[in-house]
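A closer look at the structure
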There are 2 protein chains.
Amino acid sequence: MSSTPRVETITIGDELLLGIRENAHLTYLGSQLAHHGLEPAANLVIRDDPEDIRLFFAESWRRSDLVITTGGLGPTTDDITRESIAKALEEELIFDPAIEAALKERFGQLEKPMPEINLRQCYRPSSAEVLKNPYGTAPGLLLKKDGKILAMLPGPSREMHPMFEEVIVPRLQKEGIFPEIDCYLQIRTAGIGESALAEKIEHLLDGKEALVVGYCAHAGMVDVRLSSLDGDVLTEQGLHDLADACREAIGEDFVCFGERTLAEVIFRDLRSLNKTLAVAESCTGGLLSSSFTEIAGISKVFHGGAVCYHNDAKVQMLDVPESMLEQHGAVSEEVAIAMATGACECYGADYGLSVTGFAGPTGGTQVLPVGSIFLGYSSPVGVWAKKIQLRGDRASNRRRAATSALDWMRRKLRKYKLEEVFAASETVDFNV
Amino acid sequence: MSSTPRVETITIGDELLLGIRENAHLTYLGSQLAHHGLEPAANLVIRDDPEDIRLFFAESWRRSDLVITTGGLGPTTDDITRESIAKALEEELIFDPAIEAALKERFGQLEKPMPEINLRQCYRPSSAEVLKNPYGTAPGLLLKKDGKILAMLPGPSREMHPMFEEVIVPRLQKEGIFPEIDCYLQIRTAGIGESALAEKIEHLLDGKEALVVGYCAHAGMVDVRLSSLDGDVLTEQGLHDLADACREAIGEDFVCFGERTLAEVIFRDLRSLNKTLAVAESCTGGLLSSSFTEIAGISKVFHGGAVCYHNDAKVQMLDVPESMLEQHGAVSEEVAIAMATGACECYGADYGLSVTGFAGPTGGTQVLPVGSIFLGYSSPVGVWAKKIQLRGDRASNRRRAATSALDWMRRKLRKYKLEEVFAASETVDFNV
């Protein structure tokens, strides 16, 4: 395929339109496609309505080279993607005994009889190829027609993601729709706004041929994406050189190339130091712990975390002195530090990170209104506290407080890296 | 307006299509519209491309009674919503001195001169009415034409939300597009699959005139939404009666009417008993704690939680006996219970809930493979453990384990309600 193929994705399901659930499919498919050098031209979220599915799909199909649909392949009566799309393509739905056999096998493994209702899932448009679904009952369907490709994927993420990565990606590479090489690079930053970041790096990027620059702000971080539109004009190496120059210009706000979370960056730093971590949280209530524990292999580094909402819990679980709580209050520099050192001692860890504050909507004082948060940090080379002031609602304050704590620890770790290497080992070979 | 108006929303902005940011506009507008008895027929996420905006808008406008666009009203060159939509409507863009005056006033308040570039924001399609934006520079635009309504709203949430709630909602009520009453109802269930749930309630719903039924599965829960298409045929009372009959048929898998989370349901039960809770987590690593701490006012009930990854932490923080860990292993019924009772004792709480297991991708044994999870529960009327076997990846196993623990506690609380009322108070007045 010579020019960039046009891709549209169609997400089918009433629940997304009612605002109950975030459209995680768009986030997932958008970033998957971006990894393969494509940007979807549109994402259509539509209802489980046969006429709407037929209409939107037909328009999408007319415009696009690749259409990916998700949802509506289940067994219930509101799962009508198969029927509606077959109609739009003027194809018959045929019964496929192979799907039935796979379904029966699946129910057999679960030691359940297959409900009558699941027979609906055994039909497919006549020219469609069946994609096995090891994680659920709904098979995926792939269809090539008029030089275009249609992929129909199941709605649940744990079924759709593996099918996309294991089946669709290699298939689209084979069809020449996904290029073989990555042709973009992402720079992740934290603690700097979009415009300030742009000012820092614009002089490096302005006027570069075949370069596309995209900024994206999310929860206290900004990503910059550099893509080459033409690998002959701006090569992969050229893109890497540009990114290195940007890294230099960005300084300590630079987090990583790619998509690592702040917790992953800290995890790698601590693992390389062979050191361990524990956390203590009040207002973030588990978010700090869970951003570490979502990392596979974290048990090498992370000992645990204490969520202490009540003052009694801070005393009992983290050995925060009662007199300190009385004198300074639970939301204070002193208590933040005591929580961090307490986490280290109680969990037997080298590093401790803590958050205490007023997330809202109630709580807070005249001096420390809702959004006042103290961070505490305990390390082999020193102990620090820091105050931040947030202005969002409860959910946003909790998220931001966790992000700020992680970013702060990341900076401290980088700043004191040499000293901590000494603390980690008495003999450092500088000739390596 | 006699029949249900068709609403489509169009979200304009490249960043959403790249999958970097969630489409919070869809979640927001979807739930706002649902609260006013409408379901958007579609949400189109499209690029900042003049041809695409013109094309998608024109199709949307042809099909719909109400179109809401967000984004692309800023001052920079990629803000082209005004121009593209004026073109689709075959209207001229005219300079509006009132917008200029408002902008100059805004910049005056910020004690800055208005940049030349902001003059672009002073143009509007000739028949459009200007909606003031107290929180930013981009004015909203409202347009009535051919019996249809178009609302063009700014992209940033803190500008768009107040404009929608303070200006658009009353206006659409006045125009008769938003009815005065809510006409849908949601039933939330847990621990039952979509097909099994459908089989339980289908006989109550089949053939009912003016009724629309939608199912939505998310993370171990299934919601059923009942909507009335015509309040004369299926009244609000009729809808409530249907929902009550469904509740009866669903039995203990029924969680609530509406959108409460499992943690909120437990929170309300415990608050009504005047009892407190602590949790202990291994593989869920903070997810249990954070599902409680996201609730405003939870401190009345929730004392805290201990995330204990290492065995040492389980001993040190939760008083789990070392001999028990050696004999039964950390992933066992015995340790799950010891963690739950330990959480109660260490945090001084009445109820304890615990999770310990192998979330994957590594860990696990021949007898207890990845996905083996034990739940522990300690309450004033007894202590229980339960084993579950999950089959997903790490992220999904963590989420599912947390959901299962919450759902299990919810069921136990309901089952033993009477006894726990006794435990909560020595004198119960049955005449109330």
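Cut-off values and rules
Residues numbered from 1 in each chain as written. Chains lettered and ligands numbered in written order. Predicted model: local features only at pLDDT ≥ 70, side-chain atom pairs only at ≥ 80, totals over all residues. Least-squares fit on C-alpha atoms with pLDDT ≥ 70 in both. Contact = placed C-beta atoms within 7 Å. Domains from an automatic or database assignment. Pairing = 2+ DSSP bridges. Helix = DSSP H or I, 4+ residues; strand = E, 2+ residues; numbered from the N terminus. Axes fitted to C-alpha atoms, helices over the stretch in contact; angles between N-to-C directions. Nonpolar A, V, L, I, M, F, W, Y, C, P; charged D, E, K, R; others polar. Buried ≥ 20, exposed ≤ 12 C-beta atoms within 10 Å, placed from the backbone. Right-handed = clockwise from strand over helix to strand, strands pointing away.

**So, the relation of the copies chain B and chain A**
Least-squares fitting of chain B to chain A yields an RMSD of 2.4 Å, with the superposition described by an axial translation of 1.9 Å and a rotation of 178 degrees. The symmetry that links the two subunits is that of a two-fold axis. With an isologous cut-off of 70% or more, the 88% of interface residues of chain B that recur at the interface of chain A puts this contact in the isologous class.

**A few points about the domain arrangement of chain A**
Taken domain by domain, chain A consists of domain 1 (7-174), domain 2 (184-257) and domain 3 (262-422). Relative to domain 2 of chain A, the C-alpha centre of domain 1 of chain A lies at a distance of 35 Å.

**Looking at the sheet that holds strand β14 (residues 302-308) of chain B**
In space, the 10 strands of this open sheet follow the order β17(A)-β16(A)-β15(A)-β13(A)-β14(A)-β14(B)-β13(B)-β15(B)-β16(B)-β17(B), with mixed pairing throughout. The open sheet has two edge strands, β17 (382-389) of chain A together with β17 (382-389) of chain B, and neither has a second partner. The mean inter-strand angle of the sheet, taken between neighbouring strand axes irrespective of direction, is 10 degrees. Relative to β17(B), strand β16 (residues 372-379) of chain B runs antiparallel, the two sharing eight bridges. When the bridges of β17(B) are listed, Phe374(B) appears paired with Lys387(B). Sheet strands touched by helix α13 (residues 333-347) of chain B: β13 (277-281), β14, β15 (351-357), β16 and β17 of chain B. Its angle to β15(B), the strand with the most contacts, is close to 140 degrees. Packed onto the sheet, helix α14 (residues 394-415) of chain B meets β15, β16 and β17 of chain B and runs at close to 35 degrees relative to β16(B).

**Thoughts on the interface of chain B and chain A**
Opposite the 69 residues of chain B that make contact, chain A presents 70 residues. Looking at the side of chain B that touches chain A residue by residue, the classes come out as 32 nonpolar, 23 polar and 14 charged. Pairing geometry for strand β2 (residues 42-46) of chain A and strand β2 (residues 42-46) of chain B, over five bridges, is antiparallel. What sits directly across from Asn43(A), in β2(B), is Val45(B).

**Thoughts on the pairing of strand β13 (residues 277-281) of chain A**
All names here are of chain A. Along β13, five of the five residues are buried, which leaves the element largely enclosed by surrounding structure. Neither face of β13 is exposed, since Leu-277, Val-279 and Glu-281 on one face and Ala-278 and Ala-280 on the opposite face are all buried. Handedness of the β-α-β unit built from β13, helix α10 (residues 287-293) and strand β14 (residues 302-308) comes out right-handed. Relative to strand β15 (residues 351-357), β13 runs parallel, the two being bridged by five bridges. Of the residues in β15, the one forming a bridge with Ala-278 is Gly-352.

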